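Inside the fold
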Amino acid sequence: MKPLCIGDLTVDIPVVQGGMGVGVSLASLAGAVAAQGGLGVISTAQIGYNLPDFSANPMAANLRAIREQVKSAREKAHGGAIGVNIMVATRNYKDYVLEAVKAGVDIIISGAGLPTALPEYVKGSKTKIAPIVSSEKAAKLICRMWDKRYQCTPDMVVIEGPLAGGHLGFSKDQLVPFVENSVDKISDMMHHYDEEIKKIIQVCREYGEKYSKHIPVVIAGGIDGRKEADHCFALGAEGIQVATPFVATEECDAHRNFKEAYVRAEKEDIVILNSPVGMPARGIKNKFLQNVAVGIKGEIRCRQCLEHCDPLKIPYCITDALIRAVRGDVENGLVFCGANVDKIKRISTVRDVIEKYI
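Here's what I pulled together on the structure shown here. (Residues numbered from 1 in each chain as written. Predicted model: local features only at pLDDT ≥ 70, side-chain atom pairs only at ≥ 80, totals over all residues. Heavy atoms only, no water.)

Helix and strand content of the chain: 14 helices and 13 strands. What you see for the chain is a C-alpha radius of gyration of 19 Å, in line with the 21 Å of a compact globule of 358 residues. Across its three principal axes, the chain shows a C-alpha extent of roughly 55 × 50 × 40 Å. Sorting the 358 residues of the chain into buried and exposed places 57% on the buried side. Restricting to contacts in the chain with at least 6 residues of sequence separation, those with at least 24 account for 66%. For the chain, the accessible surface area stands at approximately 15400 Å², while carbon and sulfur atoms represent 49% of it. Considering the chain, the positive charge centre built from 44 side chains and the negative charge centre built from 42 side chains are found 4 Å apart. (Helix = DSSP H or I, 4+ residues; strand = E, 2+ residues; numbered from the N terminus. Rg over C-alpha atoms; globule rule 2.2 N^0.38 Å. Buried < 20%, exposed > 50% of the residue type's maximum accessible area, 1.4 Å probe, protein only. Contact = heavy atoms within 4.5 Å. Areas by Shrake-Rupley, 256 points an atom, 1.4 Å probe, with all protein chains shown as cover. Lys, Arg positive; Asp, Glu negative; His and termini not counted. Charge placed at Lys NZ, Arg CZ, Asp CG, Glu CD.)

Let us look at the pairing of strand β12 (residues 270-274). As paired elements, β12 and strand β13 (residues 280-284) share five bridges and run antiparallel to each other. Within the sheet, the bridge partner assigned to L273 lies in β13 and is A281. Hairpin connection from β12 to β13: five residues lie between these consecutive antiparallel strands, with G278 at a positive phi of about 100°. (Pairing = 2+ DSSP bridges.)

Under the 1.5 Å per step criterion, the end-to-end length of helix α8 (residues 183-210) is 41 Å for 28 residues, consistent within 8% with the ideal 40 Å. Those residues of α8 lying buried are I186, M189, M190, Y193, D194, I197, I200, I201, V203, C204, Y207 and G208. For α8, the secondary structure elements touched by its buried residues are β7 (128-133), α5 (136-150), β8 (157-160), α7 (177-180), β10 (217-220) and α9 (226-235). Phi turns positive one or two residues past the end of α8, at S212, with a value near 50°. (Expected span 1.5 Å × (residues − 1).)

Structure (structure tokens):
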């Protein structure tokens, strides 16, 4: 496998570890991935959830945690590349980006919305920027906007397909067939999505040529091993993003119960749900989601985490639901996952996961 070259940043093994919040991908996981030659990614989503002042002042706790987690990941990475994933839907998005830049991250990967102003926030720094898109339309929009407003292009683009985990850039109607259909039918649908990937790659080539710059593309979603990775490379990608397989590793920052939920999950346990973020998401069916489905609504203590979130209208607080799960209460919390979580049969190591792809 060729290294992933993002401008002057070289990632020896072209495996990007997906950013998973809340508390699933912090310094331990990101540092371990970077030490093995991949790109380790910390999620900033409620990153300070375990700090003592989080409940009283979540914003201050989160910004401090970015500094602490990036520093810790660097120490574990042995010179490897460290990035952060920052959701555009995050309230005070700019402050999170500025803090990550100040912490010296190599790259910011940003999705759950289009990061239209991201170039402004990293201006004058060495930090690379990579939007997450799921369609040619979104790729064109972000490239056109950055070109017009900031006279720049992305340093890298991540394409998240319909088999990815967590929040997804598709409508619920588009995603349901990937849960309900047979393996052969899903394979046919993925071949159709291959054409969309090729179109996105072409957009990146066109804007790269305009700026005499190479924009590498990374593909995410349902990439279980070398076979799927090779398919992505054949389409023109230069890297793959992997998230779900890294959860069931000793180095993952989540509670062991969270990892065991992945090991136990069967195909019929995977569901598409409506997230308070305003996007559909993929997760593991449990008592919590069953209660949400019948309208049981617990206490909502607003953490001011999302830009467009009305506590009076949402079915549950996503922060509290994710915190319960990452701390080990997987029946009463929200457990995000990818479409192939059922293929995970044991808790392994980061090295084991990366070796599946090389």
